[in-house]
Amino acid sequence: NTDAKPDKQFSILPTVTGLVGDLVGKTVLDLGCGSGFFTRAFACFAKRVIGIDNAEEQIDIAQQTSESSIDYRLGDIMEGELPECDIVNAPFVLGYCADVVALKALLGRIYRSLRIDGKMIGVVDLPSGADLKRFGATKKLHGEGDGAKIEIILSNGDATICTLWATYFTVETITDVLHDVGFAEVTWHTP
């Protein structure tokens, strides 16, 4: 039910698709694809899109509206190597790493999956303390610095969809780890 949230529809999706760029002839890996929100948007232009999620229910929902260029897979992105691709979309998945060691392992797998001149687009929770409920998300930081927990309450209007918990990493830590695993250029964008 999170696909209808205003922030996802009118801020996150346009930002991600704008950063992804030209998809013609390219293979996109959509990590934590859920019900296929981003996956379907990429499939309009990409040669192939591989969506991976660890929730069987989400993959089942995604496959109900699947296009021939989409390959949905049930799997754990925190374990094993990832398929080769040109672009990795990683919306909010970095927050599911338990600590900096797990973050480095995941980003290393992402880096190794990319072809030459490939790129990764990540969406990262960086709670500011602002009340964003009207946009579909309330985010509360419990603690300080790397490893603090983020409580994420997703809503659509006054209806709460679910509450998630993620791990907070600073911009500096994520940037350092990206460089450590091999990424040469790191650019931060706001929605």
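Structure first, text after, so check above.
Residues numbered from 1 in each chain as written. Predicted model: local features only at pLDDT ≥ 70, side-chain atom pairs only at ≥ 80, totals over all residues. Heavy atoms only, no water.

**Notes on the pairing of strand β5 (residues 114–123)**
The pairing of strand β4 (residues 85–91) with β5 spans 6 bridges and is parallel. The residue bridging Pro91 from the neighbouring strand is Val123, located in β5. Handedness of the crossover joining β4 and β5 through helix α4 (residues 100–113) is recorded here as right-handed. (Pairing = 2+ DSSP bridges. Helix = DSSP H or I, 4+ residues; strand = E, 2+ residues; numbered from the N terminus. Right-handed = clockwise from strand over helix to strand, strands pointing away.)

**Considerations on the packing of aromatic side chains**
Taken as a whole and assessed by the stated rule, the structure comprises 3 aromatic pairs. Centre to centre, the rings of Phe37 and Phe38 are 5.1 Å apart; their planes meet at 85°, and the pair counts as edge-to-face. Of the two residues, Phe37 and Phe38, both sit in the buried class. For the pair Tyr111 and Phe183, a centre-to-centre distance of 5.1 Å together with 70° between the ring planes defines the contact as edge-to-face. One end of the pair, Tyr111, is in helix α4; the other, Phe183, is in the segment after α5 (171–181), with 72 residues separating them in the sequence. What links up through ring pairs into an aromatic cluster is the set Phe37, Phe38 and Phe42. (Phe/Tyr/Trp six-rings, centres within 6.5 Å; stacked < 30°, edge-to-face > 60°. Buried < 20%, exposed > 50% of the residue type's maximum accessible area, 1.4 Å probe, protein only.)

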